[in-house]
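# Examining the three-dimensional arrangement
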Amino acid sequence: MTAAIDVEENVSLRDCNSFGLPAVARRLVRVRNDGDVRQVLAHPQLGRAPKFVLGGGSNIVLTRDLAAHVVLKVEVRGMRLVDERADAWIVESGAGEGWHDLVRWTLEQGWPGLENLALIPGTVGAAPVQNIGAYGVELKDRFESLDAVDLVTGRSVTLGRDVLRFGYRDSVFKHELAGKSVITRVRLALPRPWYPVLGYLDLERKMAETGIRAPDARQVFDWVCAVRSAKLPDPARIGNVGSFFKNPVVSAEQCRDIIGRDPEVVHYPLPDGSVKLAAGWLIDACGWKGKSIGRAGVYEKHSLVLVNRGGATGAEVVTLARAIQESVYGRFGIRLEPEPVVV
Ligand SMILES: Cc1cc2nc3c(=O)[nH]c(=O)nc-3n(C[C@H](O)[C@H](O)[C@H](O)COP(=O)(O)OP(=O)(O)OC[C@H]3O[C@@H](n4cnc5c(N)ncnc54)[C@H](O)[C@@H]3O)c2cc1C
């Protein structure tokens, strides 16, 4: 029998978002299985209210209290091996497990493949939402399928990659399915045989420094953790959501035009002929590194990261982000798109 859901009232979300922004959830329900979602939908007071799905809060900017919404805090647990195919280990995880805990656990079991994605904060359930990626690997490269509960019908569905339309920090959950379902379980295919993914500058540097040409997965994991810890602020000490803007993709012609004016611009040609620009470089070039507006600032070591300098509000973060967008547009004619969800 499923236990009755517990509705918590006036819950502070300050510790539930990695920016440490102040906001209060008028009603919050912890979701531990699909049945809990269905109970919320059938509830006389909660059923018709809008819902906000919360994972670890490491990719959201809270600008206000969630007074009308019911916050569904996803806490579905459990990690297990569900299939052993010739080409892959299939691992299933509850959406409420910590992403980094899953990476570490799979490595400990001898099923490598997630090591490049080590130390990304947040929950497993949110990983497909923006197709998390780092050091040459994206979630989509390891994705098998997921289970979700429809927030209108309460039906549980299993979705494969064909419907999810993964893109660069993008999926169907940022478009047609935004706010429409709760992901409860995710299955990943960890490749057999395993091979390291090393074509990334920071990892190539580590190989050169250590002289290790054929690292095992544990070695790659340690390198990724070391590089990330040196570069990114720890949200436990300095509030942030990682990269605040996506790296913009422009046409080859637009890129040539920018290079004509700024020969130093950091850019990466893509297979389709377009070019990805480093958003951090564009922000740096506009003189934002280390600057602040109110109590929100641009991290000194990495201009792509906006930080809470202590007591910042969501409105201050948004004001800073807009000012950065305007100056990058003014100088380069490029509109930077935020990566986190502004609530
Ligand atoms: C220091 C730092 C470094 C980071 N580095 C990276 C990086 O290298 N690569 C990268 O891709 N990201 C990175 N991020 C961003 C963030 O960690 C990821 O986007 C992560 O997947 C967010 O998980 P979360 O559980 O905190 O999601 P939340 O912030 O809680 O939610 C994010 C969005 O997903 C939705 N959502 C959450 N859970 C579910 C669910 N179960 N079902 C349906 N919708 C859901 C929410 O409604 C919201 O729209 C970084 C963040 C920080 C703070």
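Residues numbered from 1 in each chain as written. Predicted model: local features only at pLDDT ≥ 70, side-chain atom pairs only at ≥ 80, totals over all residues. Heavy atoms only, no water.

### Some remarks on the sheet that holds strand β11 (residues 156-160)
Just so we agree on the cut-off: When DSSP locates at least two bridges between a pair of strands, those strands are taken to pair. Helical segments are the DSSP runs of H or I of at least four residues, strand segments are the runs of E of at least two, and each set is numbered from the N terminus. Working convention: axes come from line fits to C-alpha atoms, limited for helices to the stretch in contact. Angles between N-to-C directions cover 0 to 180 degrees. Every residue pair with non-hydrogen atoms within 4.5 Å of one another is taken to be in contact.
Spatial ordering of the open sheet is given by β6-β7-β12-β10-β11, a layout of 5 strands whose pairing is antiparallel. Two strands bound the open sheet, and with one partner strand each, they are β6 (79-84) and β11. Taken over all neighbouring pairs, the strand axes of this sheet differ in orientation by 25° on average, direction set aside. Contacts from helix α1 (residues 34-42) reach β10 (143-150), β11 and β12 (181-191), with the element oriented near 30° to β10. In the packing of helix α2 (residues 99-109) onto the sheet, the strands contacted are β6, β7 (88-94) and β12, and the crossing angle to β6 comes to about 50°.

### So, the packing of aromatic side chains
Using the following cut-off: Here the aromatic set is Phe, Tyr and Trp, taking the six-membered ring for Trp, and pairing holds for ring centres within 6.5 Å; pairs whose planes are under 30 degrees apart are stacked, those over 60 apart are edge-to-face, and all others are tilted.
The full count for this structure, using the stated rule, is 6 aromatic pairs. Seen from their ring centres, tyrosine 135 and tyrosine 200 are 5.1 Å apart, and the 65° between their planes marks the pair as edge-to-face. With tyrosine 135 in the loop between β8 (133-134) and β9 (137-138) and tyrosine 200 in the loop between β12 and α4 (201-210), this residue pair connects regions lying 65 residues apart in the sequence. Ring geometry for tryptophan 281 versus phenylalanine 332: centroids 6.0 Å apart, planes at 55°, classification tilted.

### Re α1
Test applied: Here's how the labels work: a residue is buried when its accessible area is under 20% of the maximum for its type, exposed when over 50%, partly exposed in between, all with a 1.4 Å probe on protein chains only. Working note: the arc is built from the helix axis to C-beta atom directions. Identification of polar contacts relies on pairs of N or O atoms within 3.5 Å, with a donor-acceptor requirement for protein atoms, meaning one able to donate a hydrogen and the other able to accept it, and with residues adjacent in sequence counted only if both atoms are side-chain atoms.
Taken as a whole, α1 has its buried residues at Asp34, Asp36, Val37, Val40 and Leu41. In an axial view of α1, the angular spread of the buried residues amounts to 160°, which keeps them on one side of the axis. Near the N-terminus of α1, the side chain that reaches the backbone nitrogen of glycine 35, with its oxygen 3.1 Å away, is that of asparagine 33.

### A short note on the site of the ligand
What counts is decided by this rule: Proximity criterion: a residue is near a molecule or strand once any of its heavy atoms comes within 4 Å of it. Accessible areas in this description were obtained via Shrake-Rupley with a 1.4 Å probe; residue shielding takes into account the shown protein chains only.
The immediate surroundings of the ligand are formed by 34 residues, with Val53, Gly56, Ser58, Asn59 and Thr123 found nearest. Contact distances for the ligand include 2.8 Å between an oxygen atom and a backbone N or O atom of glycine 57. A distance of 3.4 Å is found between an oxygen atom of the ligand and a side-chain nitrogen or oxygen belonging to arginine 169. In the complex, 93% of the free accessible area of the ligand, which totals 970 Å², lies under the protein chains. Sorting the residues of the shell around the ligand by element identifies β3 (51-54), β8, β12 and β13 (239-243) as the ones contributing at least two each.

### Examining the nonpolar core
The line we're drawing: Definition used in this section: a nonpolar core is a set of buried Ala, Val, Leu, Ile, Met, Phe, Trp, Tyr and Cys residues joined via side-chain atoms within 4.5 Å.
Core analysis: the largest hydrophobic core is formed by 41 residues, its most contacted members being Trp99, Leu102, Leu139, Leu146, Leu164 and Leu188. In terms of residue count, helix α5 (residues 217-231) provides more of this core than any other element does, 7 residues in total. If we ignore the near neighbours within four places in the chain, the residues touching leucine 102 are Met79, Val91, Ser93, Leu114, Val124 and Leu188. The next biggest cluster of nonpolar side chains, apart from the first, holds 31 residues, and it includes Phe19, Val61, Ala278 and Ala321.

### Let's talk about the side chain of glutamate 75
Of note, glutamate 75 is situated in the loop between β5 (66-74) and β6. In this view, glutamate 75 contacts Arg30, Val31, Arg32 and Gly96; residues no more than four positions away in its chain are not counted.

### A look at the packing of α2 against α5
Applicable threshold: Our angle categories are set so that under 35 degrees counts as roughly parallel, over 145 as roughly antiparallel, 65 to 115 as roughly perpendicular, and the remainder as oblique. It is the rotation of the near helix from the far one that decides the hand of a crossing: anticlockwise by less than a right angle makes it left-handed, clockwise makes it right-handed. Note on residue categories: nonpolar means Ala, Val, Leu, Ile, Met, Phe, Trp, Tyr, Cys or Pro, charged means Asp, Glu, Lys or Arg, and polar means any other residue, Gly included.
Where α2 contacts α5, the axes come no closer than 11 Å and their chain directions differ by 155°. On the basis of the axis angle, α2 is roughly antiparallel to α5. The hand of the α2/α5 crossing is left-handed. Note on element contacts: α5 touches α2 through Ala217, Phe221 and Cys225, opposite His100, Val103, Arg104 and Leu107. Class assignment of the residues belonging to the contact of α2 with α5 gives a composition of 5 nonpolar, 1 polar and 1 charged.

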